[in-house]
Amino acid sequence: MKKLFSLFAIAIAMMACAQPAKVAGDQERLWYDAPAGRWLEALPLGNGQMAAMVFGGIADEAIQLNESTFWSGSPHDNNSKTSLEHLDEVRQLIYAGREEEAEALINKEFIPGPHGQRFLTLGSLRMHFENMPEQVEDYCRDLDLTRAVAGVGFTANGVRYTRSAFASLRDRVLVIQLDASKKGALTFSLTQDCKFPFEVTTEGKTLVTRIKGVEHEGIPGGLTAECRTQVLSDGKVAAEDKQLTISGATHVTLLVNAATNYVNYHDISGDESAAAKAGLAAAAKLSYKKLLARHEAAYGEQYGRCSIKLHSGANAALPTDQRKTAFQDSDDMGMVALIFNYGRYLLISSSQPGGQPANLHRASGTTR
């Protein structure tokens, strides 16, 4: 997500499909009338530790994940051991107007590499819904900036399906709620994949994915991550071939937590499995409504510190991607307010006390 400003304008979505009782206004709501076709169109969620990109698929949903301490490489010192002895030579070259020679010497002796590491994705949670038609009615995909909740909703075969997701600022887990208007109409499989070495297993009603970090610029990979997704449902949950199958459900709550063996910049002796289990166990003691209320309260303390209201114009009723395209030739200053609020949302989602500072990547998290 190095292209944050591109995200401001592109990764847009519609709010409150899954939570129709509270609908944000056109200056605090991003929405699409179709699933995301590419990564930049997915909806970003984050709590400073975990992050997700929600694509809003119909028969197949993908939610890409990351955790803020999952990096390539391992602890190392990339400070040059030879720079000091060449410092005076660099100065003399600069004083003599020989800047190109000074630059070449700096590149060789001061910053020879490695130059740093990159964040690693945890891969994607994948859900496949049985007997779901390709064409549905009343589709919307949204992100409510006032609540930091992403929603997906549509009608298929006479059944209204809704999903909501948030990365809890209070309980530090990703929460995904799925509901159907017809009893027992939810049947789907749940698994996870990743582009890095990984293994998927099940423990009861919990999907467990273990991922190994990779080398970068000659620094061997030393970090390992564990992602755990617990299923709470009124339907049947069964383990089948490295996946969980949920059948005959009306309501399903997925609790997702991840951790790594990272302790600090020079210590990776942590127990990622114990940390992932602990956070998940604490969240599982709370109902979905309680988790949502705690998240909204914690998020609202930060988001509610300022507000802006500008004239919107007729284009405010358009899906946000269309509204963005039409912005240049319109009087829709509400779009400016929307971008301002989206920026605040991304910063809150990217960095929280005790974690790492916002760095243009954290809200959505992907490989760089």
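Description of the structure in this document. Everything numeric here is computed off the predicted structure, so don't read it as measured data.

For the protein, the count of helices and strands is 7 helices and 16 strands. Here the C-alpha radius of gyration of the protein, 23 Å, is about what a compact globule of 368 residues would show, namely 21 Å. Expressed as a percentage of its 368 residues, the buried residues of the protein come to 51%. Residue pairs at least 24 apart in sequence account for 65% of intrachain contacts in the protein once pairs closer than 6 positions are excluded. Total accessible area on the protein stands at roughly 16700 Å², and carbon and sulfur atoms take up 52% of it. Averaged over its 38 positive side-chain charges, the protein has a centre that lies 6 Å from the centre of its 42 negative ones.

A separate point is the environment of Ala297. By secondary structure assignment, the location of Ala297 is in helix H5 (residues 288-303). By relative accessible area, which is 43% here, Ala297 ends up partly exposed. Sequence separation between Ala297 and Ala282 is 15 residues, and the spatial gap between their C-alpha atoms is 18 Å.

With that settled, the discussion passes to the packing of aromatic side chains. Geometry of an aromatic ring pair is reported as the spacing of the ring centres plus the angle between the planes. Per the counting criterion, the structure on display carries 8 aromatic pairs. Geometrically, the ring pair formed by Trp71 and Phe119 is tilted, given 4.4 Å between the ring centres and 50° between the ring planes. Of the two residues, Trp71 sits in strand S4 (residues 60-71) while Phe119 sits in strand S5 (residues 119-129), which places them 48 residues apart along the sequence. Among the residues examined, Trp71 registers a relative accessible area of 23% and is labelled partly exposed. Among the residues examined, Phe119 registers a relative accessible area of 3% and is labelled buried. Where Phe129 meets Phe188, the ring centres are 4.9 Å apart and the plane angle is 35°; that geometry is what we call tilted. One end of the pair, Phe129, is in strand S5; the other, Phe188, is in strand S10 (residues 186-193), with 59 residues separating them in the sequence. Note on accessibility: Phe129 and Phe188 belong to one class, buried. Aromatic ring contacts, followed pair by pair, group Tyr299, Tyr303, Tyr342 and Tyr345 into a single cluster.

Before going further, it helps to spend a moment on the sheet that holds strand S3 (residues 50-54). The strand order S2-S3-S4-S5-S10-S15-S14 describes an open sheet built from 7 strands, whose pairing is antiparallel. Only two strands of the sheet have a single neighbouring strand rather than two, namely strand S2 (43-46) and strand S14 (236-239). Strand-to-strand twist in this sheet, taken as the mean axis angle between neighbours without regard to direction, amounts to 20°. Note: S5 against S10, 6 bridges, orientation antiparallel. The partner of Phe129 across the bridge, within S10, is Phe188.

In terms of burial, strand S7 (residues 149-156) is largely enclosed, as 8 of its 8 residues are buried. Of the two faces of S7, the one carrying Val149, Gly151, Gly153 and Thr155 and the one carrying Ala150, Val152, Phe154 and Ala156 are both buried. Both strand S6 (residues 137-144) and S7 contribute to a ladder of 6 bridges, which runs antiparallel. Bridging across to S7, Arg141 finds its partner in Val152. Here S6 hands over to S7 after 4 residues, with Ala148 in that stretch at a positive phi of 60°. Pairing between S7 and strand S8 (residues 159-167): 7 bridges, direction antiparallel. Within the sheet, the bridge partner assigned to Val152 lies in S8 and is Arg163.

The rules we used
Residues numbered from 1 in each chain as written. Predicted model: local features only at pLDDT ≥ 70, side-chain atom pairs only at ≥ 80, totals over all residues. Heavy atoms only, no water. Helix = DSSP H or I, 4+ residues; strand = E, 2+ residues; numbered from the N terminus. Rg over C-alpha atoms; globule rule 2.2 N^0.38 Å. Buried < 20%, exposed > 50% of the residue type's maximum accessible area, 1.4 Å probe, protein only. Contact = heavy atoms within 4.5 Å. Areas by Shrake-Rupley, 256 points an atom, 1.4 Å probe, with all protein chains shown as cover. Lys, Arg positive; Asp, Glu negative; His and termini not counted. Charge placed at Lys NZ, Arg CZ, Asp CG, Glu CD. Phe/Tyr/Trp six-rings, centres within 6.5 Å; stacked < 30°, edge-to-face > 60°. Pairing = 2+ DSSP bridges. Axes fitted to C-alpha atoms, helices over the stretch in contact; angles between N-to-C directions.

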